[in-house]
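Each chain, written out:
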Amino acid sequence: MTNYEYIQVDQEESIGIIRLNRPKVLNALNRKMVSEIVQSMREMDRNDSVRVIVLYGNGKSFAAGADITEMAQDDSIHLELLNQFAEWDDLAHIKKPIIGAVHGFALGGGFELALVCDLLFASEDAKFGFPEINLAVMPGAGGTQRLTKLMGKTKALEWLWSGEMMTAETAEAWGIINRRYPQEILVEETLKYARNLANKPALSVRFIKEAVYKAVDYSLYEGMQYERKNFSLLFSSDDQKEGMKAFVEKRKPNFKGR
Ligand code: CO8
């Protein structure tokens, strides 16, 4: 696997693991780090031996936001020409499941990165929020959109306008995270979940992910057309033949991911 400056990348069996690694600044996301995250995800997405991607932070936090020192002197034209969000958008095109494990802070760009994950597990002490308003800016990498799709307009506005941090308990109540664990077992439980998911037939996992995201963005009619196409497509896979044959023969299926 490629060596990076601001992240650590590993593979344990079929789980690709990305650790944010600027612990001294609570994993504040500078631009190079964002590029590295995107590049490592793309690599894992293309690597047949990786089935599930797990993302978490080294040190005390997941990520306390974009690196404020890096952007403090920016102007709009510089940001426009930088077009930094083009690669960020690629994160939404990763086909494999991404599971985030959040402890400590997930703020600003860090919360936006967490919201890119398909599933989120968090430690009891995790804190989520968009403090950008206190810096006289606003989220720029999907925060207003993804939070609103999860919480609805009124609650999202309240959090985005206050800039306050929500607890893991609140995040769970609003469907932002899937599960809460004591911090000592967060990563272990996340990996356990990831291993189980990695054993499911990979094409079903992939096509279900695609179809569910269509439900978020498309009309019901368009989404159902998409679902139907993916449903039919799976009948071209070896795993579908194996899965149904194994059921009829009353044995465990042996899935190959094709
Ligand atoms: N950027 C740069 N450095 C940071 C950041 C950050 N976002 N967050 C923390 N740090 C640094 C601190 O400056 C400090 O460095 P040093 O030791 O050199 O002084 C170190 O990390 C430890 O932090 P603290 O001493 O402040 O730790 P505390 O436990 O006292 O406080 C907080 C933790 C509350 C998280 C506090 O650090 C804080 O408020 N951080 C800033 C949070 C923030 O405002 N985040 C939003 C940033 S704006 C943004 O994310 C826009 C997103 C746009 C899209 C980007 C896509 C990637």
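Residues numbered from 1 in each chain as written. Predicted model: local features only at pLDDT ≥ 70, side-chain atom pairs only at ≥ 80, totals over all residues. Heavy atoms only, no water.

J.: How should I be thinking about the overall build of the chain in this particular structure?
T.: For the chain, the helix and strand inventory stands at twelve helices and nine strands. A globule of 258 residues ought to have a C-alpha radius of gyration of about 18 Å, and the chain, at 19 Å, matches this closely. By principal-axis analysis of the C-alpha atoms, the chain measures approximately 65 × 40 × 40 Å. When the 258 residues of the chain are sorted by exposure, 42% land in the buried category. (Helix = DSSP H or I, 4+ residues; strand = E, 2+ residues; numbered from the N terminus. Rg over C-alpha atoms; globule rule 2.2 N^0.38 Å. Buried < 20%, exposed > 50% of the residue type's maximum accessible area, 1.4 Å probe, protein only.)

J.: What's the story with the pattern of salt bridges in this structure? I'm lost.
T.: When their charged atoms lie close together, side chains carrying opposite charge are able to pair. Within this structure, the stated rule accounts for 18 salt bridges. Residues Lys155 and Glu158 are paired through a salt bridge, measuring 3.2 Å at the closest nitrogen-oxygen approach. With Lys155 and Glu158 both in helix α7 (residues 153–162) and three residues apart, the pair spans about one turn of that helix. Each of Glu242, Lys245, Glu249 and Arg251 takes part in one network of salt bridges that share partners. (Salt bridge = Lys/Arg side-chain N within 4 Å of Asp/Glu carboxyl O.)

J.: Even after reading the chapter, I still don't get the packing of helix α5 (residues 109–116) against helix α6 (residues 143–151), so can you show me in this structure?
T.: Two measures define how a pair of helices packs: the angle their axes make with one another and the distance between the axes. Axis separation between α5 and α6 bottoms out at 10 Å; the angle between their running directions is 55°. The angle between α5 and α6 places the two elements in the oblique class. In this structure, α5 meets α6 at a crossing whose hand is left-handed. Only Gly143, Arg146, Leu147 and Leu150 of α6 make contact with α5, whose side of the interface consists of Phe111, Glu112, Leu115 and Val116. (Axes fitted to C-alpha atoms, helices over the stretch in contact; angles between N-to-C directions. Parallel < 35°, antiparallel > 145°, perpendicular 65-115°, else oblique. Left-handed = near helix turned anticlockwise from the far one by under 90°. Contact = heavy atoms within 4.5 Å.)

J.: Would you explain the sheet that holds strand β1 (residues 7–12) in this entry?
T.: Adjacent strands of a sheet pair through backbone hydrogen bonds, lying either parallel or antiparallel. The strand order across the open sheet formed by six strands is β1-β2-β3-β4-β6-β9, and the pairing between neighbours is mixed. Every other strand in the sheet has two partners, leaving β1 and β9 (179–181) as the edge strands with one partner each. Adjacent strand axes in the sheet meet at a mean angle of 20° when their direction is disregarded. Where strand β6 (residues 119–123) meets β9, three bridges bridge the pair, whose relative direction is parallel. Looking at the pairing, Phe121 lines up with Arg179 of β9. (Pairing = 2+ DSSP bridges.)

J.: Honestly, the sheet that holds strand β5 (residues 105–107) in this entry has me stumped. Any pointers?
T.: Taken in spatial order, the three strands of this open sheet run β5-β7-β8, and their pairing is mixed. In this open sheet, the two edge strands, each paired with only one partner strand, are β5 and β8 (165–167). Direction aside, the axes of adjacent strands within the sheet are offset by 25° on average. Against the sheet, α5 engages β5 and β7 (127–129), with an angle of about 95° to β5.

J.: How do you make sense of the confidence of the model for the chain when you look at a structure like this?
T.: For any part of a model where pLDDT is low, the fine detail of the predicted coordinates should not be relied upon. Of the residues in the chain, 100% have a pLDDT of 70 or more, and the chain-wide mean is 97. Interface confidence in the predicted complex, given as ipTM, is 0.98; pTM for the same model is 0.97. (pLDDT = per-residue confidence, 0-100.)

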